[in-house]
Amino acid sequence: MKKQQISFELSVFEKPEELSQIEQNLLSAAEKARENAYAPYSNFKVGAAVLLENGEIVIGNNQENASYPSGLCAERVAVFQAGAKYPGIAIKAIAITATSKDYVVDSPAAPCGNCRQSIIEYEQRQKTPISIMLRGEKGPIYKCASMADILPLAFSSSFLSDS
């Protein structure tokens, strides 16, 4: 047996002003999107904003349903909307932010497994990394250079064929 460690580099910013102006705008768009989330069951609102190669910003927020699995996360709403509205335009970055009605979210909330898989598929398809910024409603901002950083052993279409 051989053990192998997988690790990645993470940038931590203490406040939004440390980010570039484009990154600040993207984070702000995610925060605004978060406010319109429909989360009556979990009281956990998430907003996402996707920056496209053409400069457009596409937003999404979580949409819950009484039949919990039927809802959709903010990240997938934003990424799927970007894919539908701007097909073929590469995604450069995504900002994700979360808040709760019940407590202060002061640490970054990372995407769930379904969202990671959806985002990595776009990254693989466009053959360029998608940087990720994560933040709670306050506190530090985490930034990764690529979705592959937080999903290092990703499933891909290569597993679905023998070629």
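The structure we're discussing is the one just above.
Computed from a predicted model, the values in this text were never measured in an experiment.

Visitor: Would you mind showing me how to read the overall build of the chain here?
Guide: Of the regular secondary structure elements, the chain holds four helices and six strands. Its helices and strands in sequence order give the chain the pattern β-α-β-β-α-β-α-β-β-α, from N to C terminus. Rg of the C-alpha trace for the chain: 16 Å, near the compact-globule value of 15 Å for 163 residues, within the 12% margin. Projected onto its principal axes, the C-alpha coordinates of the chain cover approximately 50 × 40 × 35 Å. Buried positions account for 42% of the 163 residues belonging to the chain. Put simply, of all contacts in the chain between residues at least 6 apart along the chain, 67% involve residues at least 24 apart. Carbon and sulfur atoms make up 52% of the accessible area of the chain, which totals about 9,300 Å². Each charge class in the chain was averaged separately, 16 positive and 18 negative side chains, and the resulting centres sit 1 Å apart.

Visitor: Even after reading the chapter, I still don't get the pairing of strand β3 (residues 57-61), so can you show me in this structure?
Guide: Looking down a regular strand, the side chains alternate between one sheet face and the other. Two elements, strand β2 (residues 44-52) and β3, share five bridges in a ladder whose sense is antiparallel. What sits directly across from Ala49, in β3, is Ile59. In this antiparallel pair of consecutive strands, β2 and β3, the connection spans four residues, and Gly55 shows a positive phi of 90 degrees.

Visitor: What's the story with the side chain of Ser100 in this structure? I'm lost.
Guide: Positionally, Ser100 belongs in strand β4 (residues 91-100). Residue Ser100 is classed as buried on the basis of its relative accessible area of 10%. Here the side chain of Ser100 touches Asn43 through a polar contact of 3.5 Å, landing on its backbone oxygen. Within the structure, the side chain of Ser100 is placed 3.0 Å from the backbone nitrogen of Asp102, a separation counted as a polar contact. Apart from the residues lying within four places of it in its own chain, the contact partners of Ser100 are Asn43, Phe44, Val105 and Glu137.

Visitor: Where do I start with the packing of aromatic side chains in this structure?
Guide: Two aromatic rings are characterised by how far apart their centres lie and by the angle between their planes. Inspection of every chain in the model, using the stated rule, returns two aromatic pairs. A cation over a ring is seen here: Arg125 above Tyr122, with NZ or CZ 4.4 Å from the ring centre.

Visitor: Explain the environment of Val50 here, please?
Guide: Take Val50: it is sitting in strand β2. Val50 gets classed as buried once you look at its relative accessible area, which sits at 0%. Each C-alpha atom of the pair Val50 and Ala66 lies 27 Å from the other, and the pair is 16 residues apart in sequence.

Visitor: Is there a simple way to think about a nonpolar patch on the surface in this case?
Guide: Taken together, Phe8, Leu10 and Val12 make up a surface patch of nonpolar side chains, about 230 Å² in accessible area. Along the chain, Leu10 turns up in the segment before β1 (11-13). According to the relative accessible area criterion, Leu10 is partly exposed, its value standing at 34%.

Visitor: Looking at this structure, I do not really get the environment of Ala95. What am I missing?
Guide: Locating Ala95 in the fold gives a position in strand β4. Sequence separation between Ala95 and Ile6 is 89 residues; the distance between their C-alpha atoms is 24 Å. In this structure, Ala95 is in contact with Leu26, Leu27, Ala30, Gly47, Ala48, Ala49 and Met133, ignoring residues within four places of it in sequence.

Rules behind the numbers
Residues numbered from 1 in each chain as written. Predicted model: local features only at pLDDT ≥ 70, side-chain atom pairs only at ≥ 80, totals over all residues. Heavy atoms only, no water. Helix = DSSP H or I, 4+ residues; strand = E, 2+ residues; numbered from the N terminus. Rg over C-alpha atoms; globule rule 2.2 N^0.38 Å. Buried < 20%, exposed > 50% of the residue type's maximum accessible area, 1.4 Å probe, protein only. Contact = heavy atoms within 4.5 Å. Areas by Shrake-Rupley, 256 points an atom, 1.4 Å probe, with all protein chains shown as cover. Lys, Arg positive; Asp, Glu negative; His and termini not counted. Charge placed at Lys NZ, Arg CZ, Asp CG, Glu CD. Pairing = 2+ DSSP bridges. Polar contact = N/O pair within 3.5 Å; in protein donor to acceptor, adjacent residues only side chain to side chain. Phe/Tyr/Trp six-rings, centres within 6.5 Å; stacked < 30°, edge-to-face > 60°. Lys NZ or Arg CZ within 6 Å of the ring centre and 35° of its normal. Patch = residues over 30% accessible without salt bridge, like charges linked within 9 Å, V, L, I, M, F, W, Y side chains within 5 Å. Salt bridge = Lys/Arg side-chain N within 4 Å of Asp/Glu carboxyl O.

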